[in-house]
Structures are given as C-alpha cells and as structure tokens.
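Residue-level structure breakdown
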Amino acid sequence: METKCQLIDALKDKPSTSRLPPINWKLCIICQEDNNQPLNCPVESKRKDAGIGYKTIADDLLAFSKTDECSVSLHLDRMDEGSGIETTLLNHSAAWHKTCRDQYNSTKLKRLQKRKDLERSEEPIPKHTRSSTESKHKLELCIFCDQLEPVGDLREAQTFGLDTRVRSAASLLGDTQLLAKLSTGDMIAIEAKYHLKCLASLYRRADKKKLQEYPSHENSVAHSIVFAELLSYIEEVHLDQSVVPVFKLANLANLYNCRIKQFGIEEQTIHSSRLKDRLIAHIPGLEAHKKGRDILLAFDSDIGQALYDATESRNITDAICIARAATIVRKQVFAYNAPFTGTFAPDC
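Residues numbered from 1 in each chain as written. Predicted model: local features only at pLDDT ≥ 70, side-chain atom pairs only at ≥ 80, totals over all residues. Heavy atoms only, no water.

As a further point, take the confidence of the model for the chain. On average, residues of the chain score 78 in pLDDT, and 78% of them are at 70 or above. Within the chain, no element has a lower average pLDDT than helix α11 (residues 303-335), which sits at 72, and none a higher one than strand β6 (residues 193-194), at 90. Counting contacts from residues 8-17, a segment whose pLDDT is below 50, to residues more than four positions away or on other chains yields nine contacts. Long-range and interchain partners of residues 131-136, a stretch whose pLDDT sits below 50, account for four contacts in this model, where long-range means more than four residues apart. (pLDDT = per-residue confidence, 0-100. Helix = DSSP H or I, 4+ residues; strand = E, 2+ residues; numbered from the N terminus. Contact = heavy atoms within 4.5 Å.)

Okay, the pattern of salt bridges next. Across all of its chains, the model carries seven salt bridges by this definition. Close ionic contact of Lys98 with Asp102 constitutes a salt bridge, the shortest N to O distance being 3.2 Å. With a gap of four residues between them, Lys98 and Asp102 both fall in helix α3 (residues 98-102), about one helical turn apart. Residue classification places Asp102 among the partly exposed residues on the basis of a relative accessible area of 28%. Note that Asp146 and Lys181 form a salt bridge whose closest N and O atoms lie 2.6 Å from each other. Pair noted here: Asp146 is in the loop between β3 (139-141) and β4 (148-150) and Lys181 is in helix α6 (residues 176-182), with a separation of 35 residues, a long-range link. Residue class for Asp146 comes out partly exposed when judged on its relative accessible area of 36%. The exposure class of Lys181 is partly exposed, given its relative accessible area of 23%. (Salt bridge = Lys/Arg side-chain N within 4 Å of Asp/Glu carboxyl O. Buried < 20%, exposed > 50% of the residue type's maximum accessible area, 1.4 Å probe, protein only.)

This part is about the sheet that holds strand β8 (residues 286-291). One key point about sheets: their strands pair by backbone hydrogen bonds, in either a parallel or an antiparallel sense. Here we have three strands laid out as an open sheet, ordered β7-β9-β8, and antiparallel in their pairing. Whereas interior strands pair on both sides, the edge strands pair on one side only; in this sheet they are β7 (246-248) and β8. Here the average twist between neighbouring strands, direction ignored, is 30°. Bridge analysis of β8 against strand β9 (residues 294-299) gives six bridges, and the strand direction is antiparallel. Looking at the pairing, Leu286 lines up with Phe299 of β9. Across the sheet, helix α10 (residues 272-282) touches β8 and β9, and the angle it forms with β8 is around 145°. (Pairing = 2+ DSSP bridges. Axes fitted to C-alpha atoms, helices over the stretch in contact; angles between N-to-C directions.)

Counting 23 residues, the largest nonpolar core has Ile29, Ile30, Ile57, Met79, Leu89 and Trp96 as its most contacted members. Taken together, the elements giving at least two residues each to this core come down to α1 (52-66), α2 (85-91) and α4 (106-121). Take this core: its biggest share by element is six residues, from α1. Ranked by size, the runner-up nonpolar core spans 20 residues in total, among them Ile260, Ile283, Leu297 and Phe299. (Core = buried A, V, L, I, M, F, W, Y, C linked by side-chain atoms within 4.5 Å.)

This part is about the packing of aromatic side chains. Scanning the entire structure with this criterion turns up three aromatic pairs. A ring pair is formed by Tyr54 and Trp96, whose centres lie 5.9 Å apart and whose planes are at 85°; its orientation type is edge-to-face. Note that Tyr54 is positioned in helix α1 and Trp96 in strand β2 (residues 96-97), a separation of 42 residues in sequence. Overall, the relative accessible area of 0% leaves Tyr54 in the buried class. For the pair Phe144 and Tyr194, a centre-to-centre distance of 6.1 Å together with 65° between the ring planes defines the contact as edge-to-face. Here Phe144 is found in the loop between β3 and β4, whereas its partner Tyr194 is found in strand β6, with 50 residues between them in sequence. One residue, Arg165, lies across the ring of Tyr203, its end atom 3.7 Å from the ring centre. When the ring centre of Phe227 is taken as reference, the NZ or CZ atom of Arg278 above it lies at 4.1 Å. (Phe/Tyr/Trp six-rings, centres within 6.5 Å; stacked < 30°, edge-to-face > 60°. Lys NZ or Arg CZ within 6 Å of the ring centre and 35° of its normal.)

Turning next to the side chain of His195. For His195, the location among the structural elements is in the loop between β6 and α7 (196-213). In this structure His195 comes out as buried when scored by relative accessible area, which is 9%. Leaving out residues up to four positions away in the same chain, His195 has contacts with Cys142, Cys145, Gln147, Glu149 and Leu154.

This part takes up unusual backbone geometry. The backbone of Asn36 sits at a positive phi, close to 65°, despite the residue not being glycine. By secondary structure assignment, the location of Asn36 is in the segment before β1 (39-40). A positive phi is found at Ser93, a non-glycine position, where the angle reads about 50°. When you line up the elements, Ser93 lands in the loop between α2 and β2.

So, about the pairing of β9. Looking at chain direction, β7 and β9 are connected through three bridges and run antiparallel. Opposite Phe247, over in β9, you have Leu297 as the bridge partner.

Laid out in structure tokens, this is it:
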C-alpha cells in the first residue's frame, strides 16, 4: 500500500481535543507541568468574591483565542465541560502558575490589540476615487486625539491658515505631543486628519488660556496700578538706610493679590514666579535667592552688609551667652558655704 506524505501546519491543523489527554486539575491548567512553582487558586483567596479570578482568566483566554495568539498546547475545549469555561474551572478549583497566567493577562491583550490596530492603520491607503470601494474598510488617525476612524469621517487640512492657528494654540498651551507631530511638516504636507470637535476643543482651551494670561483692558489697568504700587513700596523700603531689606516672595505675592481684590477682581491672581520675573526685570540690582521652599529677594548691593551684620550679630550673641553663663557660675560659687574648723578630716 502506497504511503502519502502530508505537510502538517501546527497553526491550522491543530490536533483534535478528543485525542488529547484530559486536563490534570491538580497541575497548572495552562502548562500542565509540575515545576515546583507555587500554584495560585482563586478559591483559596480570602476575598469575598473569591471566584472572580475564574471569570477574568476565562475572558482573557477567550479573547486571546480570537487573536490566534494562544499557545498550540492550550486547548480551551478541554476546559469547557458544557457549562462554560468559568463554571468548569470553578467546579474543579483550577489553579495556575503566576508566570503562565502573565502570558495571557489583560495587559498583554491590550498591547496585542493596539499593535494589530497600528498594523492595520499603517497599511498603504489607496487613492480615493469615485469607483473605489476598498477605502470603506481603511482607517485614519485623528492628529489631536489619536482615535482611528473610517476613511471619510475625518476632516483633512487644506489651508495654511489652519496650520498656523493650530501651531499657535499648541505653543500657547504647551502641548509638546502635538508640536512633535507638527515638527515633521505643515498639516497639509503630512496630510493631517482631524475631528472637527477636537479642533474646536483646542481653540477653546487656547482662548481660555489667552484670557488668563492677557486680561481685559480694565483688569490690565488695575494690574498695572497694583504692580506700580508694589514697586514703589520696595524702593521706599530700600531707601531706608537703617535696615537691609530682604523680601519674601510669598509675602509680596499675597500683598499683590490682596490689593488686586480691592479693585473688585476676584478670579485673577498673579503667579509668584511670574511676579518674581517682573520685579527683577523692573528693579535694577534686585536678586532672587532660594532658601528651602522660600524665595528671598534682596538687592545685590546689600548682600555684603547683610552677611556682615549676620556675622557680627552672631559674635555678639555668643559673647552675651558666655557672660551670662559666667555670672551664673560665679553666683553658685559664692553661694556655696564650706566651713573650715582649722583641721582636716582623717579621710581627706
């Protein structure tokens, strides 16, 4: 009898489950090996919903089986005795190794699905013609939200004005991710696609940010008056030769915000770092020094005097402490009375 050779594809021609031995429920249900690794059994968990682990692994294994990423040795038919995988695992108190379970967890499933979506999105898109019907199954990526949509559902950039406005909004908001996408070329050159709602959301956030940084004319006048008053206050204190002024930035910011509220502006307060930069720019010789979490402002011409005063003050304080200690010791010495009878004791 003539024998024919047949090429077996391990992925397509999987062995029938009827030829496989039944699952040994005392071993790991995934690898079916006894390798001295500890087994994790959801039934032994102290949680109230101890059996929830079986539902999770059943859902993950079914999802992996649909992506053709399940191991050849893993046959889900053997885990289903007619009532579903979850019930079968629960009835047999199934257990598994942690390393085996990690091969089919939800994190790897999400990565696998994302990789497949990217592979589909990177396929060359054919030219869009009236007679083209294949384009209905292609996907396009929104440049703002990175969401995949069918061809035709997204808008395409067609004007340089759009590119200029989008770049300006991204720079104002500090959106580095969007700026990185636009660094390869203008939106027309890179054939950027977008949702209309995503573009409108970008414009709204940029307008809101612009209103916060550039207040209205009336508020701008109030801020200018308060800032001028703060400059006058710092300069007047500096003119006093009897003190070496050192200003705490937090106190100046609170003073500024309290004064601006007197003008009826409640919602706009100045940021301390921005106030520091403006003060240094308008007052020559003013420097910022960091001490812990505080920022101290002082004039460079006063730094030497401040250091000298601090040193002298420390020396005077040490001398006063020594003098007081000597006075206390002297009082205790004179207060002690040791009578002498003219002879010494035998044990002296």
